[in-house]
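Chain and residue survey
Listed below, chain by chain, are the residues.
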Amino acid sequence: MHKIFLSFALLFLSLTSFGQKATTDKKLESQIKQLIQGFQGDVGIYVHHLKKNKEVNIQGDSVFPTASIVKIPILVGIFDKIEKGELQLDQQLLYRASQRYGGSGLMQFFKDSTQVDLKTLVALMLSYSDNVTSIWNQNLAGGGVAINKLMSDLQLAQTRVNSQTEGRKPDWERYGWGQTTPKEMADLVTLIRQGKVVSPKSSDQMYRFMGNMFYDERGLSQIPSTVKTASKTGSLDDVRNEVILVNAPKGDYVFSIFTKNNTDKSWGKTNEAEVLTRKLSKLLWDYYQ
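Residues numbered from 1 in each chain as written. Predicted model: local features only at pLDDT ≥ 70, side-chain atom pairs only at ≥ 80, totals over all residues. Heavy atoms only, no water.

**Considering helix H9 (residues 200-209)**
Stated formally: Only protein chains enter the accessibility calculation, which uses a 1.4 Å probe; a residue whose area is less than 20% of its type maximum is buried, one above 50% is exposed, and one in between is partly exposed. Helical segments are the DSSP runs of H or I of at least four residues, strand segments are the runs of E of at least two, and each set is numbered from the N terminus. Working note: the arc is built from the helix axis to C-beta atom directions. Two residues qualify as a contact provided that any one of their heavy atoms is within 4.5 Å of a heavy atom in the partner residue.
Buried within H9 we find Ser202, Ser203, Met206, Tyr207 and Phe209. On an axial view of H9, the arc spanned by its buried residues comes to 155°, and they lie on one face. Across H9 from its buried face, at more than 90 degrees, point the exposed residues Lys201 and Arg208. Turning to H9, the residues buried within the fold contact helix H3 (71-83), helix H4 (118-127), helix H8 (182-193), strand E9 (229-236) and strand E10 (239-246).

This is the structure:
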């Protein structure tokens, strides 16, 4: 049944590309191009209004480091294993201090031999961008090779896990943990929203997890709190990324903004890329609503 559903999803994707081919929103494209003028770094933006089927693609097919947005493909890998009966959200796991890893997240502060369930691992990975649980989930999902096969099956040619993945050392050295394009990541979130990743039930559960973000100071801050969203951010010193699907009153829209080689490497709300992300999100909300 799983294979039949996946084959149907692939057929849908290849034949319809989310329905009829989207047309470019020239007016919005002009406004976004004006917004990003002078940005000190490389920026890629993809926007798609799903109801109107209009898009803006500005370097949206260029490859960028994912940073923590790689955790969305890892999420897909976990739910693929759940669908196959190889994992369960309520199964108990044992955290060991030897798994401790720096950076973002909370599990690095847990005591050795703390018992947790898989649902907690997934929630921490998404909501708090927890690195310990993300690495753990990547391994539980079968590693980068298995996750990359799922991305390939979804016809996402550039979305890949690189870290701890056989044959991807050069990509890891260039892009870090993962790589993608703004359009492919927006497409992946859209497929999850439409119930076309793994299964309708799994997609629904993934979408719920992606709707509980602790880090909401960027694009999410410009969207009313009463509006449902699914999102993920990613950050490195010279990288700031965000992908958001908005269940807006006048129709769903998805956008992603990826940046790299940023001159401003500061950490905080005044970072140039984070300011740009907020401006883009506000522009889109005002434009569509």
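**Things to note about the sheet that holds strand E3 (residues 54-58)**
The following threshold applies: Being paired, for any two strands, means DSSP has found at least two bridges between them. Orientation is described by axes fitted as lines to C-alpha atoms, over the contacting stretch for helices, and by angles from 0 to 180 degrees between their N-to-C directions.
The six strands are arranged E1-E3-E2-E11-E10-E9 in an open sheet whose pairing can be described as mixed. Pairing within the sheet leaves two strands with one partner each, and these edge strands are strand E1 (23-24) and E9. Sheet topology note: the E10/strand E11 (residues 253-260) ladder contains seven bridges and is antiparallel. Residue pairing for E11: Ile244 is matched across the bridge by Phe255. Sheet contacts for helix H2 (residues 26-36): E1, strand E2 (42-49) and E3; angle to E3, the most-contacted strand, approximately 30°.

**Thoughts on the packing of H3 against H4**
Operational definition: In these notes the angle categories are as follows: under 35 degrees is roughly parallel, over 145 is roughly antiparallel, 65 to 115 is roughly perpendicular, and the rest is oblique. Note on convention: near helix rotated counterclockwise from far helix by under a right angle means a left-handed crossing. Clockwise means right-handed. When residues are grouped by polarity, Ala, Val, Leu, Ile, Met, Phe, Trp, Tyr, Cys and Pro land in nonpolar, Asp, Glu, Lys and Arg in charged, and all others, Gly among them, in polar.
The contact between H3 and H4 brings their axes to 10 Å, and the two run at 160°. Considering their axes alone, H3 and H4 lie roughly antiparallel with respect to each other. Crossing handedness for the pair H3 and H4: left-handed. Contact residues: Lys71, Ile74, Leu75, Ile78 and Ile82 in H3; Leu118, Val122, Met125 and Leu126 in H4. Here the residues of the contact of H3 with H4 sort into eight nonpolar, no polar and one charged.

**Quick notes on the packing of H3 against H9**
At a minimum axis separation of 10 Å, H3 and H9 run at an interaxial angle of 145°. Along this stretch, H3 crosses H9, giving a crossing that reads as right-handed. Contact with H3, carried on its side by Leu75, Val76, Phe79 and Glu83, involves Ser202, Gln205, Met206 and Phe209 of H9 and no other residues of that element. Considering only residue class, the contact of H3 with H9 consists of five nonpolar, two polar and one charged.

**Digging into the layout of surface pockets**
Gaps between atoms show up when a probe of the same size as a water molecule is rolled over them. This is how it is decided: Lining residues are those with an atom within 4 Å of a point, where the points come from a 1 Å grid over the protein atoms alone and group into cavities, where a 1.4 Å probe fits but cannot get out, or pockets, open sets with protein on both sides within 12 Å along at least five of seven lines. Grid points are joined across faces, edges and corners, and a volume is the space filled by probe spheres set on the points.
If you add up the space inside the largest pocket, you get close to 660 Å³. In this structure, the largest pocket is lined by 27 residues; those nearest its centre are Ser68, Ser104, Asn131, Ser235 and Leu236. Counting only elements with at least two residues in the lining of the largest pocket, the list comes to helix H5 (131-140), helix H7 (169-175) and E9. A total of five residues in the lining of the largest pocket trace back to one element, the largest contributor, which is E9. Its residues assigned to classes, the lining of the largest pocket comprises nine nonpolar, 13 polar and five charged. Forming the walls of the second largest pocket are 13 residues, and the residues nearest its centre are Asp216, Leu220, Ser225, Val227 and Thr229. Grouping the constituent residues of the lining of the second largest pocket by class yields six nonpolar, five polar and two charged.

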